[in-house]
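Summary of the model geometry
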Amino acid sequence: MSADYRKDKDPEEASRHFVDMERYGRDLFMDPETDLDRLVLQFGRQATQQDGTGPWSAEITFDRLLDAFRRRDLEAILLYSSDLFHYVADLHQSLHTTENFNGQLTGQMDIHARFESDLLNRYQSRISFHQVDPTDLGPVLSELFDLVLESHREVETLLRADDRIVSELVLDCKAYRRRGEGRNYPDSYFERMFDEVG
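The numbering scheme is per chain: residues are counted from 1 as the chain's sequence reads. Where totals are concerned, whole chains, interfaces and linings use all residues; where local detail is concerned, this predicted model gives features only for residues with pLDDT of at least 70, and gives and counts side-chain atom pairs only at 80 or more. Note: side-chain values were computed over all heavy atoms of the structure, leaving out hydrogens and water.

The next thing to look at is the overall build of the protein. Labels follow the DSSP assignment, with helices taken as runs of H or I lasting at least four residues and strands as runs of E lasting at least two, numbered in each case from the N terminus. Each helix and strand in the protein was counted, giving 10 helices and 0 strands. In the protein, the succession of α and β elements from N to C terminus is α-α-α-α-α-α-α-α-α-α. The C-alpha extent of the protein, read off along each of the three principal axes, is 55 × 40 × 30 Å. In this scheme, a residue with accessible area under 20% of its type's maximum is buried, one over 50% is exposed, and one in between is partly exposed, where area comes from a 1.4 Å probe on protein chains only. By residue count, 40% of the 198 residues in the protein fall in the buried class. Sequence separation of at least 24 residues holds for 67% of the intrachain contacts in the protein that already meet a minimum separation of 6. Each accessible area is a Shrake-Rupley result for a 1.4 Å probe, and residues are judged covered by the shown protein chains and nothing else. Accessible surface computed for the protein: about 12000 Å², of which carbon and sulfur atoms make up 49%. Should any heavy atoms of two residues lie within 4.5 Å, those residues are considered in contact.

Structure follows, in structure tokens:
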């Protein structure tokens, strides 16, 4: 079962898809010795569930995947490969690294879906991908922390672009939400967002 679909059945699943960097502080992501046990000891289980365990969950899943390969357990290999891909992909999405994940703190409600789904679905044919050669990684958690820091740097860029475009197009965001169209902004909004942050 896909990681997103387990959120309803496993109360800890949702926290594996994000990390609210502001809640933990930047310094924590500079210390690769901060494993999940240390995080829970420092912040408490309830806070870590609320503020996310994304990079730690990806590291644990990576370790489980390695073990599955050692055991030659095809079913576990497929499950953990899928989960690892999902968790790492989530950490590449800037809004998965901030407590303002849906624009709720800045009056930009529904930005998460507009950016993550709507923009991508509209412009996926214009996105180019290129193959990179595999490289040796250092410690996995350290690499994941670097990813979180890199993704988080884009949060303000994304929020500023959305705010500026909405303002310049004179969009009444509240009216869109009242009509249940919080994600159905005009094409001109998506064209400009793609040009700026796509």
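That covers the picture; the talk isn't over yet.
Okay, helix H10 (residues 187-197) next. Turning to H10, its buried residues are Tyr-189, Phe-190, Met-193 and Phe-194. Buried residues of H10 fall within an arc of 125° about the axis and therefore sit on the same side. Residues of H10 that are buried in the fold lie against helix H6 (111-123) and helix H8 (155-168). By arc we mean the arc of the directions from the helix axis to the C-beta atoms, nothing more.

A few words now on the pattern of salt bridges. Each salt bridge in this description consists of a side-chain nitrogen of Lys or Arg and a carboxyl oxygen of Asp or Glu lying within 4 Å of one another. Tallying each qualifying case throughout the model produces 16 salt bridges. Arg-6 is paired through a salt bridge with Asp-83; the nearest N and O atoms lie 2.8 Å apart. One end of the pair, Arg-6, is in the segment before helix H1 (21-24); the other, Asp-83, is in helix H5 (residues 74-92), and 77 residues separate them in sequence. When its relative accessible area of 16% is taken as the criterion, Arg-6 is described as buried. In this structure Asp-83 comes out as buried when scored by relative accessible area, which is 5%. In this structure, Asp-31 engages Arg-38 in a salt bridge whose closest nitrogen and oxygen atoms are separated by 2.9 Å. On the basis of relative accessibility, which here comes to 36%, the residue Arg-38 falls in the partly exposed class. Each of Arg-6, Asp-10, Glu-12, Glu-13, Arg-16 and Asp-83 takes part in salt bridges that share partners, so that together they form one network.

This next bit is on unusual backbone geometry. With a phi angle near 60°, Arg-72 is a residue other than glycine that sits in the positive phi range. Residue placement: Arg-72 occurs in the loop between helix H4 (54-71) and H5. What makes Arg-72 exposed here is its relative accessible area of 75%.

Counting residues in hydrophobic clusters, the biggest one holds 24 residues, and the most contacted among them are Val-19, Tyr-24, Leu-28, Phe-29, Trp-56, Leu-91 and Val-148. At the level of elements, H1, H4, H5 and helix H7 (140-152) are the ones that each hand at least two residues to this core. With near-sequence residues (within four places) excluded, Trp-56 lies in contact with Val-19, Tyr-24, Leu-28, Phe-29, Thr-34, Asp-35, Leu-36, Leu-39, Leu-141 and Phe-145. Nonpolar cores were defined as sets of buried Ala, Val, Leu, Ile, Met, Phe, Trp, Tyr and Cys residues, with membership established by side-chain atoms within 4.5 Å. Residues Tyr-123, Ile-165, Cys-173 and Phe-190 belong to the second largest nonpolar core, which totals 17 residues.

The next subject is the packing of H4 against H5. Interaxial distance between H4 and H5 falls to 9 Å at its minimum, and their mutual angle equals 155°. The orientation of H4 with respect to H5, classified from their angle, is roughly antiparallel. Crossing handedness for the pair H4 and H5: left-handed. Along the contact surface, H4 presents Gly-54, Pro-55, Ser-57, Ala-58, Thr-61, Phe-62, Arg-64, Leu-65, Ala-68, Phe-69 and Arg-71, while H5 presents Ala-76, Ile-77, Tyr-80, Ser-81, Asp-83, Leu-84, Tyr-87, Val-88 and Leu-91. Here an angle of 0 to 180 degrees is reported between the N-to-C directions of two axes, which are lines fitted to C-alpha atoms, with helices fitted over the stretch in contact. With respect to orientation, any angle under 35 degrees is reported as roughly parallel, any angle over 145 as roughly antiparallel, any angle of 65 to 115 as roughly perpendicular, and every other angle as oblique. Each crossing gets its hand from how the near helix is turned against the far one by less than a right angle, where anticlockwise is left-handed and clockwise is right-handed.

Mapped onto the secondary structure, Asp-51 falls in helix H3 (residues 45-51). Nitrogen and oxygen atoms within 3.5 Å of one another constitute a polar contact, given that in protein one can donate a hydrogen and the other can accept it, and given that sequence-neighbouring residues count only through two side-chain atoms. At 3.3 Å, the side chain of Asp-51 and the side chain of Arg-23 are in polar contact. The residues touching Asp-51, leaving out its near neighbours within four places in the chain, are Phe-18, Val-19, Asp-20, Arg-23 and Tyr-24.

The quantities given are spatial measurements derived from coordinates; they are silent on function.
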